[in-house]
Amino acid sequence: MSASTSASARIAPAGKPAEVASGAKRERVFSGIKPSGTPTLGNYIGAIRHWVAEQDIYDNIYCVVDLHAITVPQDPEELRFNTRQLYALLVASGLDPARSAIFVQSHMHEHAELAWVLDCVTPMGWLNRMTQFKSKAGSDRELASAGLYTYPVLMAADILIYHADAVPVGEDQKQHVELARDVANTFNNRFGETFVEPRPIVRTVGARIMSLDDPSKKMSKSESENSYISMIDEPAAIRKKIARATTDSERTIVFDEKRPGIFNLLAIYQSLTGRSQDAIEAEFEGKGYKEFKAALADAVVETLEPIQQRYKALMADPDGLERLMAEGAAKVQPTAQATLQTVLEKVGLR
Ligand code: AQP
């Protein structure tokens, strides 16, 4: 079977997980990423590279969640660019549009429509318990958008509309997948069996890459530029950022969680080289931070350079990129339409 026929068979119009050659069903997995800036090395290590590695294990749906990005203010031009940039970086990282469905959330109006119906079955008390809203809303919650507050319901719609079995997330998003489960369960109880109840897949290694200038905070694309390495940073910028990354006044290069700066840099090195902690500690025994940081910068540059080359080629062909995005949406649309139609009928809107 060619790659493209296998992909279209997997994202089946009936919305059911696909059959693979052996006859066993692959689990359907939904993964989303926000175009709220240029993706970081944290996004790559914590999410994207796993998605690439697991492409053939699951029946995958990858989504650039631009509707989620606008829950906090975005410059319209930048958002348009960031959406295309992120899509190109996903493909450049190795996600294969022929084997998986990769699309932009707002190209599928069904997500927002389903989210409204789900908003109407989700108790506010559940949303009040969401810790990410509390941290993202900042000190003046009254000024946060209603969209930021109902973000987890839109995320539930993204997942449930495709009957996803599982959702890979960082620890901080686990609560949202659990909410999606509860929303599915509530809807099923009220209107009859409709949705699959998804489960979170939480990773341990590289699950939380920290900021370079404040290792107590997660590395985030919407923070200050020196706090993260972006996936399109030039080698010189990467070396400079790593050279000035926060460490401490000690000398040894060891994995010690009580020394968060060096621990974070070592965790990045471990993720990218795939070496054990013991091997890495042995490699840098008797050496200084300068040598370690130079080796880390080499590993980051080596990882990102081939991705950046493919990224540049994709961005140089805007029509080709638009075509990929349209084909991605076309792959998932039958499933989204069918689920939404079922829901509208069950609720009494059709
Ligand atoms: N620092 C990180 N370490 C490990 N994993 C990370 N992820 C994000 N940052 C790290 C994982 O990347 C996936 C997509 O994330 P997202 O962009 O949709 O949302 P986010 O987690 O809020 O990412 P940012 O970069 O922090 O965005 P902003 O600054 O806009 O809020 C998720 O699987 C996430 O766990």
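Remember, it's a predicted structure, so these values are computed and weren't measured experimentally.

## Comments concerning the overall build of the chain
What the chain contains, in helices and strands, is 14 helices and five strands. Over its C-alpha trace the chain gives a radius of gyration of 21 Å, about what one expects of a compact globule, namely 20 Å for 350 residues. For the chain, with 350 residues in total, the buried portion stands at 50%. Residue pairs at least 24 apart in sequence account for 73% of intrachain contacts in the chain once pairs closer than 6 positions are excluded. Here the chain displays about 16100 Å² of accessible surface, and carbon together with sulfur accounts for 52% of that area. Positive and negative side-chain charges in the chain, numbering 40 and 46 respectively, have mean positions lying 1 Å apart.

## Details of the layout of surface pockets
Approximately 1200 Å³ is the volume attributed to the largest pocket. When residues of the lining of the largest pocket are traced back to their parent elements, those giving at least two are β1 (28–33), α2 (41–53), α3 (66–69), α7 (131–137), α8 (146–160) and β4 (166–169).

## Notes on helix α11 (residues 260–273)
The end-to-end C-alpha distance of α11, which contains 14 residues, comes to 20 Å, matching closely the 20 Å that a straight helix rising 1.5 Å per residue would cover. Most of α11 sits out of view: ten of its 14 residues are buried. The elements touched by buried residues of α11 are α2, α12 (277–283) and α13 (289–315). A positive phi of about 70 degrees marks Gly274, the residue just after α11.

## Overview of the domain arrangement of the chain
Taken domain by domain, the chain consists of domain 1 (7–208 + 318–347) and domain 2 (225–308). The C-alpha-based centres of domain 1 and domain 2 are spaced at 31 Å. Here domain 1 and domain 2 share an interface that buries about 1200 Å² over both sides, 75% of which is from carbon and sulfur atoms. Three residues, Leu41, Tyr44 and Leu89, lead the burial of domain 1 against domain 2; their summed loss comes to 41% of the area buried on that side. For the pair domain 1 and domain 2, the number of links is zero salt bridges. Linking domain 1 to domain 2 there are three residue pairs in polar contact (both at pLDDT 80 or more). Secondary structure elements with two or more residues in the side of domain 1 that touches domain 2: α2 and α4 (76–93).

## Let's talk about empty space enclosed by the protein
Evaluation of the coordinates by the stated rule reveals one cavity of 30 Å³ or more. Within this model, the largest cavity holds a volume of roughly 50 Å³. Around the largest cavity sit Met130, Gln132, Phe133, Lys136, Leu148, Tyr151, Pro152 and His176, which together line it. Contributing elements (two or more residues each) for the lining of the largest cavity: α7 and α8. In the lining of the largest cavity, the residues fall into five nonpolar, two polar and one charged.

## Some words on the site of the ligand
Contacts to the ligand come from 19 residues, most closely from Ser36, Lys136, Ser220, Lys221 and Ser222. Measuring from an oxygen atom of the ligand, one finds a side-chain N or O atom of Lys218 at 2.6 Å. Under a 2 Å grid-point criterion requiring more than half of the atoms, the pocket assigned to the ligand is the largest pocket. Listed by contribution, the elements that provide at least two residues to the shell around the ligand are β1 and α2. No other element matches the four residues that α2 contributes to the shell around the ligand. Partitioning the shell around the ligand into residue classes produces five nonpolar, nine polar and five charged.

## Comments concerning the nonpolar core
In this structure, Tyr87, Leu90, Phe292 and Val300 are the most contacted members of the largest nonpolar core, which totals 53 residues. When we break this core down by domain, the ones giving at least three residues each are domain 1 (7–208 + 318–347) and domain 2 (225–308). Contact partners of Tyr87, with chain neighbours within four places excluded, come to Val64, Ile102, Phe103, Val104, Leu321, Leu324 and Met325. With 44 residues, the next largest nonpolar core counts Ala101, Leu127, Leu154 and Val332 among its residues.

The rules behind the values
Residues numbered from 1 in each chain as written. Predicted model: local features only at pLDDT ≥ 70, side-chain atom pairs only at ≥ 80, totals over all residues. Heavy atoms only, no water. Helix = DSSP H or I, 4+ residues; strand = E, 2+ residues; numbered from the N terminus. Rg over C-alpha atoms; globule rule 2.2 N^0.38 Å. Buried < 20%, exposed > 50% of the residue type's maximum accessible area, 1.4 Å probe, protein only. Contact = heavy atoms within 4.5 Å. Areas by Shrake-Rupley, 256 points an atom, 1.4 Å probe, with all protein chains shown as cover. Lys, Arg positive; Asp, Glu negative; His and termini not counted. Charge placed at Lys NZ, Arg CZ, Asp CG, Glu CD. 1 Å grid on protein atoms, 1.4 Å probe; cavity = no way out; pocket = protein on both sides within 12 Å on 5 of 7 lines; lining within 4 Å. Points joined across faces, edges and corners; volume = space filled by probe spheres on them. Expected span 1.5 Å × (residues − 1). Domains from an automatic or database assignment. Buried area = accessible area lost by both parts, 1.4 Å probe. Salt bridge = Lys/Arg side-chain N within 4 Å of Asp/Glu carboxyl O. Polar contact = N/O pair within 3.5 Å; in protein donor to acceptor, adjacent residues only side chain to side chain. Nonpolar A, V, L, I, M, F, W, Y, C, P; charged D, E, K, R; others polar. Near = heavy atom within 4 Å. Sits in = over half its atoms within 2 Å of the grid points. Core = buried A, V, L, I, M, F, W, Y, C linked by side-chain atoms within 4.5 Å.

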